[in-house]
Amino acid sequence: MKRLTILGSTGSIGVSTLDIVAGHRDRFEVVALTAGNNLDLLKHQIEEFRPKMVSVLTCDLASSLERMLTGNKPEIHHGVAGLIAAATAGEADMVVAAIVGAAGLVPTAAAIKAGKDVALANKETLVTAGRLMMDLVRDKGVKLYPVDSEHSAIFQSLEGQSRKDVKRIILTASGGPFLTLPLEQLSRVSINDALNHPNWSMGQKITIDSATMMNKGLEVIEARWLFETAAEQIDVNIHPQSIIHSMVEYVDGCVMAQLGVPDMKAPIAYALTYPERIATGVNPLDLTALAGLTFYAPDYRRFPALKLAYDALASGESMPAVMNAANEVAVEAFLKGRICFTDIASFIARTMDAHDSRALVSIEDVLSADLWARGTTRALLGLS
Ligand code: NAD
Ligand code: MG
C-alpha cells in the first residue's frame, strides 16, 4: 500500500491523480489533500478518499470547510504552514506536487526535507530552484519522479541506458493554438482563443504558457536539472499531434521515444508506481487512425518566451526564478484582460533586463528573487 499526499488535489493534475487512486484502492491510500479555494470539490474528495489531514488557502476557508463537513472530519489546516504540515505528514510515503506556480516550491522542498519521495508536476519548483532542489534530493536520498509528460517520456527513454551515451534530449511541444496564425494577428487573440488548447485539457496558467510556449521554456529548465543535462543538449521540436511525448538521442544515432494519446493519467500513474505499470483507462494509441506525425523547429519570432527561457538558463542563478515570477504576473494580467497576448513575453523580457542575476544559496534567496520580480513586473504593468 502506497500512502499519498496530494498538494493541489482540486486542480487538473490533482483530479487525474485521484482518478487513478479511485481505480486502484488496493494500492493507494490518501493521507492528506490540499486545495486553494474550491471547497465544494475538496469536500467531495474528503468524503470519497477520507484523508487524515487537509489544508486550504486561508483561515476563513478553513472555517467554512469545517462547517460544510459532517461526521468524522480530517484535521483542517490553512496557509503556507498548512501546506507544509500536509507535505510532511508522517504517514505519507509519496507527495504528489501538483500546485501551480512558485507557490509549490516551499511545500515541495518541505516534503523532500522530510524524506518523502515526490511525484513532481510542479515544474516551477525546478525552474526556480533547480540546483538547490536536486542537492536536497541527493542529500535526503529521496526519489523525484517526473509527472510532466515530456519528462516522463525522457525518463522512460533513459531506462536501462547509460547517461554518458546520451547525445541530446528532444522535448516535443504541440505549438499550442497559435502555431499557424499569421504573426501580425497574435497581438489580437482573445483570452478564450488562448485557453483553447488543441490537445491537452489543463489548468489555466499552463494553458496560456502552452500558447506562448513559455511552458516549453520552463520544461527545458526542468529537464536541465532533472536529467543533469547541459542546455546545449536540450532541443525543442514542435510536434502538433502530441503523440510522441519526447525523445532521447544517443551517440550511435539511435533515438528512443515514448508514444501515447495525450492523457496525463499515463505519466501520473508511472510516477506513482515506478517501476511497475498499472491500468490507467487511457485510450489505446491507434497509429493507423493518425493522418501523420509532423515536426517543426520552433520560430522565436512567434514564440519569444521560449528564447527567454534559454537566455534565463544561460544567465543562471536567480534569472530563471525571476523569469518565472514575471511570467506568472504577466499571465495573470493577460487573463484579466489588462495586456494583450504578445505583451506577456515583452513584460517578462523587460523584467529580466532589469535584473542582475545573483547566487542562490537558500530557498529564501529564491523567494526574494521571486518577490523582486513580481514587484518589478507589476510596476512595469502600472499595477503598483
Ligand atoms: P490547476 O490550476 O488546475 O490546479 C492547481 C492546484 O493548485 C489547485 O488545486 C489549486 O487550488 C492549487 N493552488 C493554486 N494556487 C495555490 C496557492 N497559492 N497555494 C496553494 N494551492 C494553490 O493546475 P494544473 O494544470 O493541475 O497544474 C499543476 C502543476 O502541474 C503546474 O505546475 C503545471 O505546470 C504542472 N503540469 C500540469 C499539467 C496538466 O496537464 N494540467 C501537465 C504537466 C505539468
Ligand atoms: Mg509538459
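Our structure is the block above this text.
We now turn to the structure provided with this report. Just so we're clear, the structure is a prediction, and the values are computed from it rather than from any experiment. Numbers given for residues are sequential positions, taken from 1 along each chain in its written order. Going through the entries in the order they are written, you letter the chains from A and number the ligands from 1. Only residues with pLDDT of 70 or above have their local features reported here, since the model is predicted, and side-chain atom pairs are shown and tallied only from 80 upward, although totals for entire chains, interfaces and linings are computed over all residues. Only hydrogens and water are removed before side-chain values are computed, so all heavy atoms of the structure are retained for them.

### A few points about the overall build of the protein chain
Threshold: Segments assigned H or I by DSSP are reported as helices when at least four residues long, segments assigned E as strands when at least two residues long, and all are numbered from the N terminus. Just to be clear, the radius of gyration here is over C-alpha atoms, and the globule rule we use is 2.2 Å times residues to the power 0.38. Methods summary: accessible areas were calculated by the Shrake-Rupley approach with a probe of 1.4 Å, and residue burial reflects only the protein chains presented. The charge count treats Lys and Arg as positive and Asp and Glu as negative. His and the chain ends do not count. Charged groups are reduced to one reference atom each: NZ for lysine, CZ for arginine, CG for aspartic acid, CD for glutamic acid.
Along the protein chain, the regular secondary structure elements total 15 helices and 11 strands. In terms of overall size, the protein chain behaves like a compact globule, its C-alpha atoms giving a radius of gyration of 20 Å where 384 residues would be expected to give roughly 21 Å. Counting only C-alpha atoms and orienting by the principal axes, one finds that the protein chain spans roughly 60 × 50 × 40 Å. Carbon together with sulfur atoms contributes 51% to the accessible area of the protein chain, which is approximately 16200 Å² in total. Of the side-chain charges in the protein chain, 35 are positive and 43 negative, and the distance between the mean point of each set is 2 Å.

### Side note on the coordination of the magnesium ion (ligand 2)
Our working rule: Because water is not among the atoms used, a metal site may look incomplete, as its donors are only the N, O and S atoms within 2.8 Å, or 3.2 Å for Na, K and Ca. Each residue is placed in one exposure class: buried if its accessible area under a 1.4 Å probe, protein chains only, is under 20% of its type's maximum, exposed if it is over 50%, and partly exposed if it falls in between.
On the protein side, the magnesium ion (ligand 2) has D148 (OD), E150 (OE) and E219 (OE) as donor atoms, found 2.1 to 2.2 Å from it. We note that the donor set of the magnesium ion (ligand 2) lies within a single chain, spaced as D-x1-E-x68-E. Look at E150 and you get buried, because its relative accessible area is 7%.

### Brief notes about the sheet that holds strand 2 (residues 28–34)
To keep it simple, the criterion reads: For two strands to pair, DSSP has to find at least two bridges joining them. Throughout, an axis means a line fitted to C-alpha atoms (over the contacting stretch in the case of helices), and angles, computed between N-to-C directions, take values from 0 to 180 degrees. Residues are treated as being in contact if the distance between any of their heavy atoms lies within 4.5 Å.
Spatially, 4-3-2-1-5-6-7 is the arrangement adopted by the 7 strands of the open sheet, whose pairing is parallel. On the outer flanks of this sheet lie strand 4 (75–78) and strand 7 (144–146), each paired with one strand and no other. Pairwise comparison of adjacent strand axes, ignoring direction, gives a mean angle of 25 degrees for this sheet. Set on the sheet, helix 1 (residues 12–23) makes contact with strand 1 (2–7), strand 2 and strand 5 (94–97); between it and strand 2 the angle comes to about 160 degrees.

### A short note on the pattern of salt bridges
Here is the rule: Salt bridge, as used here, is a side-chain nitrogen of Lys or Arg placed within 4 Å of a carboxyl oxygen of Asp or Glu.
For the structure shown, the criterion picks out 24 salt bridges. Where D148 meets K123, a salt bridge forms, and the shortest distance between an N and an O atom there is 2.9 Å. Highlighted residues: D148 in the loop between strand 7 and helix 7 (149–158) and K123 in the loop between strand 6 (117–120) and helix 6 (124–140), separated in sequence by 25 residues. With respect to class, D148 is no different from K123; both count as buried. Among the salt bridges present, the one from D165 reaches K164, with a minimum N-O distance of 3.1 Å. Linked by salt bridges that have partners in common, K123, D148, E150, K216 and E219 make up one network.

### Things to note about the sheet that holds strand 10 (residues 244–250)
What links the strands of a sheet is backbone hydrogen bonding, and the strands pair in either a parallel or an antiparallel sense. Taking strand neighbours across the sheet as the criterion, the 4 strands line up as 9-8-10-11 in an open arrangement whose pairing is mixed. Each of the sheet's edge strands pairs with one partner strand only, and the pair in question is strand 9 (234–238) and strand 11 (255–259). Mean inter-strand twist for the sheet, computed between neighbouring axes without regard to direction, equals 20 degrees. Here strand 8 (residues 166–173) runs beside strand 9; their pairing, made up of 5 bridges, is parallel. The residue bridging A173 from the neighbouring strand is I238, located in strand 9. Set on the sheet, helix 7 makes contact with strand 8, strand 10 and strand 11; between it and strand 10 the angle comes to about 40 degrees.

### Re a nonpolar patch on the surface
How we decide: What makes a patch is a set of residues exposed beyond 30% relative accessible area and free of salt bridges, joined within 9 Å when like-charged and within 5 Å when nonpolar (Val, Leu, Ile, Met, Phe, Trp, Tyr).
A grouping of L259, L285, L287, L293 and F295 is seen on the molecular surface, where their side chains present a nonpolar patch of about 380 Å² in accessible area. Relative to the helices and strands, L259 resides in strand 11. Judged by relative accessible area, L259 falls into the partly exposed class, the value being 36%.

### Observations regarding the packing of aromatic side chains
Put simply, the rule reads: Paired rings are identified among Phe, Tyr and Trp, the last through its six-membered ring, by centres lying within 6.5 Å, and are further divided according to the angle between planes into stacked (under 30 degrees), edge-to-face (over 60) and tilted (the rest).
Under the definition given, this model contains 7 aromatic pairs. Ring geometry for F155 against Y270: centres 6.1 Å apart, planes inclined by 65 degrees, an arrangement best described as edge-to-face. In this pair, F155 sits in helix 7 while Y270 sits in helix 11 (residues 265–273), placing the two residues 115 residues apart along the sequence. A residue is classified by how much of its surface remains accessible, and F155, at 15% relative accessible area, is buried. By relative accessible area, which is 7% here, Y270 ends up buried. Ring geometry for F178 and F341: centres 5.0 Å apart, planes at 75 degrees, overall edge-to-face. Note that F178 is positioned in the loop between strand 8 and helix 8 (191–195) and F341 in the loop between helix 13 (319–335) and helix 14 (343–353), a separation of 163 residues in sequence. An aromatic cluster of at least three residues, connected via ring pairs, comprises Y145, F155, Y270 and Y274.

### Let's talk about unusual backbone geometry
A cis amide bond links Y274 to the next residue, P275, at an omega of 5 degrees. Within the secondary structure, P275 is located in the loop between helix 11 and helix 12 (304–315). Backbone geometry at M213 places phi at a positive 70 degrees, although glycine is not the residue there. Tracing the backbone shows M213 in the loop between helix 9 (204–212) and helix 10 (214–226). With a phi angle near 50 degrees, E228 is a residue other than glycine that sits in the positive phi range. Along the polypeptide, E228 turns up in the loop between helix 10 and strand 9.

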